[in-house]
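In case you want the letters, here they are:
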Amino acid sequence: MRQKFLQPRYGIDAPGVVRGALLSGIAAILAGALVPPFRIVNIDIRFVGPLLIAVGIACLTLFTSMMAYALFGKFRVRDRLLGAVSWRGDEQVLDVGTGRGLLLVGAAKRLTTGHVVGIDIWQTRDLSGNGLAAVTANVAREGVADRVALRTEDARSMSFADASFDVVLSLLCLHNIEDVAERERACGEIARVLKPGGTVVLGDYATLGKQAAALREAGLHVGEQRSLVRVALGPMWMVTANK
Ligand SMILES: C[S@@+](CC[C@H](N)C(=O)[O-])C[C@H]1O[C@@H](n2cnc3c(N)ncnc32)[C@H](O)[C@@H]1O
């Protein structure tokens, strides 16, 4: 029991959306099952019940997909993203929007003399239990504290000098910056802090195409966008870029 309690936990992404999808799904199916056919000006209305049930099933499908990602998919996505880098072990690595340290810890385990910095603004609406305390605990449990540093820092205005990192990683962070110009600014920052010859690996939802375009605009050589749908068990893509 104690052993289970000490397992690293990487949280549920967008917990409000997950909760909302579950509650709306149950409510819509119950309402759909209970609402009887009715008449309006001599017309039989029979579609409301089935329509509510269809909406309920769609909500529960979203809930299932997001929970499947949180429980299984995110570990497979982590391995796929980190597998896109040819690790030497001495890299300086940045994880943008590290959350509870999913990529940060995974990258640290691939390093020997290198270091990884995780930055975040720790928004709890983006990840359940998000915060410095949670990631610090995961880093300690995984035994990588000697290779890891954490900073409260915004992706849009990083304090690092130009060309500081060999590898920059980011998973499901940048779509949370809703303003397109601000998101492009964050992509510009990622390009700025990357060393010449360095690699960027991004994983995200549908906004990834625009992120890739912003990296290209910032002078990086951007590879093809690849689907992660089968590994993530949800609609997600990845892209790599080099300076
Ligand atoms: C869905 S979570 C993903 C966390 C982690 N990358 C993972 O895959 O488990 C998104 C993270 O991005 C962070 N974030 C959102 N906007 C940010 C910004 N402007 N700068 C830095 N971090 C940000 C959130 O606080 C949150 O930790």
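Residues numbered from 1 in each chain as written. Predicted model: local features only at pLDDT ≥ 70, side-chain atom pairs only at ≥ 80, totals over all residues. Heavy atoms only, no water.

**Considering the pairing of strand S3 (residues 92-96)**
Walk down a regular strand and you will see the side chains alternate between the two sheet faces. Here is the rule we go by: Residue exposure (1.4 Å probe, protein chains only): buried if accessible area is under 20% of the type maximum, exposed if over 50%, otherwise partly exposed. Only DSSP runs of H or I reaching four residues or more are called helices, and only runs of E reaching two or more are called strands; each is numbered from the N terminus. For two strands to count as paired, DSSP must find a minimum of two bridges between them.
In terms of burial, S3 is a largely internal element, 4 of the 5 residues being buried. The pairing of S3 with strand S4 (residues 115-120) spans 5 bridges and is classified as parallel. Residue Val-93 lies in a different strand from S4, and its bridge partner there is Val-116.

**Topic: the layout of surface pockets**
With a probe scaled to a water molecule rolled over the atoms, the places where space remains empty come into view. Operational definition: We place a 1 Å grid over just the protein atoms. Points where a 1.4 Å probe fits but has no way out form a cavity, open points with protein on both sides within 12 Å along at least 5 of 7 lines form a pocket, and any residue with an atom within 4 Å of a point lines it. Grid points are joined across faces, edges and corners, and a volume is the space filled by probe spheres set on the points. Note on residue categories: nonpolar means Ala, Val, Leu, Ile, Met, Phe, Trp, Tyr, Cys or Pro, charged means Asp, Glu, Lys or Arg, and polar means any other residue, Gly included. How far each domain reaches was decided by an automatic or database domain assignment.
Space inside the largest pocket adds up to approximately 770 Å³. Along the wall of the largest pocket there are 42 residues; nearest its centre are Asp-13, Asp-126, Leu-172, His-175 and Asn-176. Going through the elements one at a time, helix H2 (15-34), helix H3 (48-82), S3, helix H4 (102-108) and S4 are the ones with two or more residues in the lining of the largest pocket. Tallying contributions element by element places H3 first for the lining of the largest pocket, with 5 residues. Grouping the constituent residues of the lining of the largest pocket by class yields 22 nonpolar, 10 polar and 10 charged. Both domains that furnish three or more residues to the lining of the largest pocket are identified here as domain 1 (2-73) and domain 2 (77-242).

**Some thoughts on the packing of helix H6 (residues 180-193) against helix H7 (residues 208-217)**
Spelled out, the test is: Axis definition: a line fitted to C-alpha atoms, limited for helices to the stretch in contact. Angles are taken between N-to-C directions and run from 0 to 180 degrees. Angular relationships are summarised with four words: roughly parallel below 35 degrees, roughly antiparallel beyond 145, roughly perpendicular across 65 to 115, and oblique for the angles in between. Crossings are sorted by hand: turned counterclockwise from the far helix by less than a right angle, the near helix makes the crossing left-handed, and turned clockwise it makes it right-handed. Two residues form a contact once any of their heavy atoms are found within 4.5 Å.
Look at H6 against H7: their axes get within 9 Å of each other, and the N-to-C directions meet at 50°. In terms of their interaxial angle, H6 and H7 are classed as oblique. In this structure, H6 crosses over H7, and the sense of that crossing is right-handed. Facing H6, whose interface residues are Val-180, Arg-183, Glu-184, Cys-187 and Ile-190, H7 presents Lys-210, Gln-211, Ala-214 and Leu-215.

**A closer look at the UniProt feature "transmembrane region" (unreviewed entry) in the protein**
How we decide: UniProt positions are given in the numbering used here, feature names are shortened, and annotations may be inferred rather than shown by experiment.
UniProt records the feature "transmembrane region" (unreviewed entry) for residues 21-41 and 47-72 in the present numbering. Helix and strand shares over residues 21-41 are 67% and 14% respectively, and the end C-alpha atoms of the span are 35 Å apart. With 96% helix and 0% strand, residues 47-72 has its two end C-alpha atoms placed 37 Å apart.

**Some remarks on the pattern of salt bridges**
Let me state the cut-off plainly: Note on definitions: salt bridges are taken to be side-chain nitrogens of Lys or Arg within 4 Å of carboxyl oxygens of Asp or Glu.
For the structure shown, the criterion picks out 14 salt bridges. With a shortest N-O distance of 3.5 Å, Arg-125 and Asp-126 are connected by a salt bridge. Its relative accessible area of 54% is what places Arg-125 among the exposed residues. Asp-162 is paired through a salt bridge with Arg-192; the nearest N and O atoms lie 2.7 Å apart. Taken together, the residues span a long stretch of sequence, with Asp-162 in the loop between strand S5 (148-152) and strand S6 (165-171) and Arg-192 in helix H6 at a distance of 30 residues. Through salt bridges with shared partners, a single network forms among Asp-154, Arg-156, Glu-182 and Arg-185.

**Quick notes on the packing of H2 against H3**
Look at H2 against H3: their axes get within 7 Å of each other, and the N-to-C directions meet at 155°. Considered as vectors, H2 and H3 are oriented roughly antiparallel to each other. Where H2 crosses over H3, the handedness of that crossing is left-handed. Across the interface between the two elements, Val-17, Val-18, Ala-21, Leu-22, Ser-24, Gly-25, Ile-26, Ala-28, Ile-29, Ala-31, Gly-32 and Ala-33 from H2 touch Gly-49, Leu-52, Ile-53, Val-55, Gly-56, Ile-57, Cys-59, Leu-60, Leu-62, Phe-63, Met-66 and Met-67 from H3. By residue class, the composition of the contact of H2 with H3 is 19 nonpolar, 5 polar and no charged.

**So, the environment of Gly-16**
Positionally, Gly-16 belongs in helix H2. Taking the relative accessible area as the measure of exposure, Gly-16 reaches 42% and is therefore partly exposed.

**Side note on the site of the ligand**
Where we set the bar: Any residue with a heavy atom lying within 4 Å of a molecule or strand is counted as near it. Any pair of N or O atoms that falls within 3.5 Å is considered a polar contact. Within protein, one atom must be able to donate a hydrogen and the other to accept it, and sequence-neighbouring residues count only if both atoms are side-chain atoms. Pocket or cavity membership: a molecule qualifies when more than half of its atoms sit within 2 Å of the grid points of that site.
The ligand sits among 20 residues. The nearest are Gly-97, Asp-120, Gln-123, Asn-130 and Leu-171. Note that a nitrogen atom of the ligand is positioned 3.0 Å from one of the side-chain N or O atoms of Asp-154. Contacts to the ligand include Leu-171, whose backbone N or O atom sits 2.9 Å from a nitrogen atom. Among the detected pockets, the ligand sits in the largest pocket.

**What about unusual backbone geometry?**
Despite not being glycine, Val-41 has its phi angle at roughly 35°, a positive value. Tracing the sequence through the fold places Val-41 in the loop between strand S1 (38-40) and strand S2 (43-45). Backbone geometry places Trp-122, a non-glycine residue, at a positive phi of 55°. Looking at the element boundaries, Trp-122 is found in the loop between S4 and helix H5 (132-141).

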